[in-house]
Amino acid sequence: MDRVSEDLKAPEALIFDWHGTLVDTHDAMFSAMEDMLPQLEELGLVDELLPEDQCRTEDDVRLVRYIRIFRRLHPRILAERRVSRTDIFNAVFGDNTAAKRIAHEAYNEAYRRYFGQVGPFQPGAYEYLSALRAMGVRLAVATNRSREFLEKELQTVDQGRWKNLFEVVVCADDVTEYKPDPQVITRALAKLDLRAGTDVWYVGDSYVDMLTAHRAGVAGIFYNGASWEPDRIESWFSRRDAPFAILEDFEDLMDLLALLERSEPEKFQYSPADVRPGPFPAPARPEPWIEPDWHPAVVRLIRPEIVLFDWHATLVDTLDAMYHAVDDMFPDFHSLGLMQRMVAPEDSKTPEDAKLVAHVREFARLHPKVKADRKISRTDIFEVLFGDDQDAKQIAHKAFNRHYRNHYGTVKAYEARVRDVLEGLRRLDIQVGVITNRDREFFEHELAAVEDTGWTELFDVDVCGDDTPLRKPHPDQLLLAVKKLDYAPDPSVWYVGDSTTDVIAAKRAGMTSVFFNGAQWDLPWLNRIFPGTHKHPDKPDVVVNDFSEFWALVLACETGPP
């Protein structure tokens, strides 16, 4: 138990959040979120995502950036399983209640396919709640969950033993606004016939819950079942909206009640010591997130004289047009004679590559998981499908270009500060270029269209897919770029790209490979796509997750041999 406010009083009533506090519905919640987020475009919500300079924390910036590009949850959120959909919607839409209402409604539609998967968040939850009732503490639930789901989950959890524990239950459809609007708590207070004050506690597991409690005028008690680090929790709150207490588990809750009993001995019908159950274990800690071991903090690189960038999915986002064109292109593979030229399964780098080849060969379209992940480019797709068959890849690139003409035109900066980084490199007297497998016809249009003003003046050199006989992963384009700049290919030339083909091209050209991990691959996956084997020896020199890490790397790198 950490830090208890002197203003906290022994409770007349405890109002609980539901998910992440009393129960665990993570499986259903994350499944529903993964179904709902790809719908953002058709829901008209992509343009409603919060501008990055208005996000509350750096974590929120990364989340908005990731969802905007990939329409999925950040892998760290999926790995840690600590945050709720309410936290996510408040992070990405801010105070835009109309956008959040649309998002919640779409989530509910998806959640219908999964709800019912529910269990106590902590072992012994029923026993602790029963002890609170025995003490004479009134219990209630106030949640953003719809009643349709809450009542089913209340009947299901612990074989239905919880049905009679709560005097009052208030759901999202009982009020007009979702948390952090205080209506769910004020409605619960009205049903309990209680006034707001620090003798009514709202126990929840998120920043949004504490903000809701503060706005409702009750004591916010932060339940840290997700095992957030103390300094992380501290960073979320101002003195005004900080929780009155932070609890790690229900044992801490009973300890806190016993502490308050000392100053208010008549408050409870029975002493906490008399009704307290035997101790139950705390909630299991989430698995730690493993950062890639090619981390900017540990590598030693030559200061760059030239930085060359990949275009798509590194500097800019053209994913929608690219995937539309790829889908349109695959049926042409039959008439082009490309189906029979795909690699044999045993020649694939990974089992996932073999599955992609098999799926395209059978159905003439991308596997749904590839489209949902939105992580690999058409160049990577062609490498997976055709391996070293250069002629087949050239035919495929030409077929792609025919269909891309029907979709290209919309181009956005991959991150809000990309232009600032490019201009910063030029101020450091570092030459800047673009290497792309995109044909010049498309690249020049996109270069002039990005951010409405274009980036033409930001680059000293550009090399497109139709400027050389062979495209990446062959090094020809990179070698042509440094030749145009009258510079020798060596490690003081950095090539920044998001794909395995970019890494291979850089290493074969004798340059420093900076893998731009905008797709947020975790370490096990990075080790799979860069195995460092005799057959697949090429690995990046460094991995950066966003342009802020890249900029820090440029500023911190050393001059001299790597």
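This is a predicted model, so every value here is computed, not measured. (Residues numbered from 1 in each chain as written. Predicted model: local features only at pLDDT ≥ 70, side-chain atom pairs only at ≥ 80, totals over all residues. Heavy atoms only, no water.)

Draft legend 1. Quick look at the packing of aromatic side chains. Per the stated rule, a full pass over the model turns up 33 aromatic pairs. Aromatic pair Tyr128 and Phe250: ring centres 5.6 Å apart, planes at 15°, arrangement stacked. Note that Tyr128 is positioned in helix H6 (residues 125-134) and Phe250 in helix H11 (residues 250-263), a separation of 122 residues in sequence. The exposure classification of Tyr128 matches that of Phe250, with both residues buried. Against the face of Tyr207 rests Arg56, its NZ or CZ located 3.6 Å from the ring centre. The lysine or arginine in question, Arg82, covers the ring of Trp228, its NZ or CZ lying 4.3 Å from the ring centre. (Phe/Tyr/Trp six-rings, centres within 6.5 Å; stacked < 30°, edge-to-face > 60°. Helix = DSSP H or I, 4+ residues; strand = E, 2+ residues; numbered from the N terminus. Buried < 20%, exposed > 50% of the residue type's maximum accessible area, 1.4 Å probe, protein only. Lys NZ or Arg CZ within 6 Å of the ring centre and 35° of its normal.)

Draft legend 2. Structural context of the side chain of Ser492. Here Ser492 lies in the loop between helix H21 (476-484) and strand S14 (493-497). The contact partners of Ser492, leaving out residues within four places of it in the chain, are Ile302, Arg303, Pro304, Glu305, Ile306 and Tyr487. (Contact = heavy atoms within 4.5 Å.)

Draft legend 3. Seen up close, the side chain of Asn108. Structurally, Asn108 can be placed in helix H5 (residues 97-111). Residue Asn108 is classed as buried on the basis of its relative accessible area, which comes to 7%. Filtering out sequence-adjacent residues up to four positions away, Asn108 remains in contact with Arg85, Ser146, Phe149 and Tyr178.

Draft legend 4. Up close: the pattern of salt bridges. This model, assessed by the stated rule, comprises 45 salt bridges. Between Arg101 and Glu177 there is a salt bridge; the shortest N-O distance is 2.9 Å. Of this pair, Arg101 sits in helix H5 while Glu177 sits in the loop between strand S5 (168-170) and helix H8 (183-192), and the two are 76 residues apart along the sequence. The shortest N-O distance in the salt bridge between Asp541 and Lys507 comes to 3.1 Å. Linking Asp541 in the loop between helix H23 (523-529) and strand S16 (542-544) with Lys507 in helix H22 (residues 500-508), this pair joins segments that are 34 residues apart in sequence. Note on Lys507: relative accessible area 30%, which makes it partly exposed. (Salt bridge = Lys/Arg side-chain N within 4 Å of Asp/Glu carboxyl O.)

Draft legend 5. Layout of the packing of helix H1 (residues 26-36) against helix H4 (residues 85-93). For the pair H1 and H4, interaxial distance at closest approach is 11 Å and the crossing angle is 35°. Contact residues: H1 offers Met29, Met33 and Met36, while H4 offers Arg85, Ile88 and Phe89. Residues of the contact of H1 with H4, tallied by class, amount to 5 nonpolar, no polar and 1 charged. (Axes fitted to C-alpha atoms, helices over the stretch in contact; angles between N-to-C directions. Nonpolar A, V, L, I, M, F, W, Y, C, P; charged D, E, K, R; others polar.)

Draft legend 6. Expanded view of the nonpolar core. Judged by nonpolar contacts, the single largest core of 77 residues is most densely connected at Phe309, Leu315, Phe333, Trp455, Phe459 and Phe550. Per-element tally for this core: the top contributor is helix H13 (residues 319-329), with 7 residues. Beyond its immediate sequence surroundings of up to four residues, Phe333 is in contact with Leu338, Met339, Met342, Phe382, Leu385, Phe386 and Ala396. Counting residues in each nonpolar core, the second largest holds 43 residues, with Ile67, Phe93, Val208 and Trp236 among its members. (Core = buried A, V, L, I, M, F, W, Y, C linked by side-chain atoms within 4.5 Å.)

Draft legend 7. Just the sheet that holds strand S12 (residues 431-435), in detail. A sheet is described by the order of its strands in space; here 6 strands give the open sequence S13-S12-S9-S14-S15-S16, paired in parallel fashion. Both outer strands of the open sheet, strand S13 (461-463) and S16, are each paired with one neighbouring strand and no more. On average, adjacent strands in this sheet sit at an angle of 20° to one another, irrespective of strand direction. Examined bridge by bridge, S12 and S13 share 3 bridges and lie parallel to one another. Residue pairing in the sheet places Val434 in a bridge with Asp462 of S13. Together, strand S9 (306-309), S12, S13 and S14 form the strand contacts of H21, whose direction differs from that of S13 by roughly 155°. (Pairing = 2+ DSSP bridges.)

Draft legend 8. Local environment of the pairing of S14. For S14, a buried count of 5 out of 5 residues is recorded, marking the element as mostly surrounded by other parts of the structure. Burial along S14 is two-sided: Val493, Tyr495 and Gly497 and Trp494 and Val496, pointing in opposite directions, are all buried. Pairing of S9 with S14, which is carried by 4 bridges, proceeds in the parallel orientation. Bridging across to S14, Ile306 finds its partner in Val493. Examined bridge by bridge, S14 and strand S15 (residues 512-516) share 4 bridges and lie parallel to one another. Among the inter-strand pairings, Gly497 is bridged to a residue of S15, identified as Phe515. Between S14 and its parallel partner S15, the chain crosses via H22, and the hand of that crossover is right-handed. (Right-handed = clockwise from strand over helix to strand, strands pointing away.)

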